[in-house]
Amino acid sequence: TIEVSFSSLSQSTQSEIPRIAIISATIPKGTENAVMLVASASASRWKKGAQAPIRSTIDSFRVTLAPKSSLKMRPRL
């Protein structure tokens, strides 16, 4: 996991809004694909307590492969 700070641009006020995010990524066994979870809050909400539920969510992040299926995919038209 990594914590990052960035700003997003508000469309309504055309101002930058500071945000803080935590990013967690993993590559499940047997695949070459990365799976990521990103959770963020505005810097002001982060300071008011949003950090705790975000960290709890990130800490619970687990990835498991779905069981193999014998179902066939229909071709897209």
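Because the structure is predicted, anything quoted here is derived from the model rather than measured. (Residues numbered from 1 in each chain as written. Predicted model: local features only at pLDDT ≥ 70, side-chain atom pairs only at ≥ 80, totals over all residues. Heavy atoms only, no water.)

Asks: Please provide a residue-by-residue account of the overall build of the protein chain, values included.
Replies: Within the protein chain, the regular secondary structure consists of 1 helix and 3 strands. When its helices and strands are written in sequence order, the protein chain yields β-β-β-α. Here the protein chain has a C-alpha radius of gyration of 18 Å; the compact-globule value for 77 residues is 11 Å, and the former is much larger. Viewed in the frame of its principal axes, the protein chain has a C-alpha envelope of about 50 × 35 × 20 Å. Burial status across the protein chain gives 18% buried among its 77 residues. Summarising the internal contacts of the protein chain: among those between residues at least 6 apart in sequence, 27% fall at separations of at least 24. As displayed, the protein chain offers around 6,700 Å² of accessible surface, 54% of which is attributable to carbon and sulfur atoms. Computing the positive centroid from 11 side-chain charges and the negative centroid from 4, the protein chain places the two 11 Å apart. (Helix = DSSP H or I, 4+ residues; strand = E, 2+ residues; numbered from the N terminus. Rg over C-alpha atoms; globule rule 2.2 N^0.38 Å. Buried < 20%, exposed > 50% of the residue type's maximum accessible area, 1.4 Å probe, protein only. Contact = heavy atoms within 4.5 Å. Areas by Shrake-Rupley, 256 points an atom, 1.4 Å probe, with all protein chains shown as cover. Lys, Arg positive; Asp, Glu negative; His and termini not counted. Charge placed at Lys NZ, Arg CZ, Asp CG, Glu CD.)

Asks: Hey, could you go over the environment of Glu3 for me, with residue numbers and the actual values?
Replies: Position of Glu3 among the secondary structure elements: in strand S1 (residues 2–9). For the pair Glu3 and Ile22, spaced 19 residues apart in sequence, the C-alpha separation works out to 4.4 Å. Not counting chain neighbours up to four residues away, the residues in contact with Glu3 comprise Ile20, Ala21, Ile22, Trp46 and Arg55.

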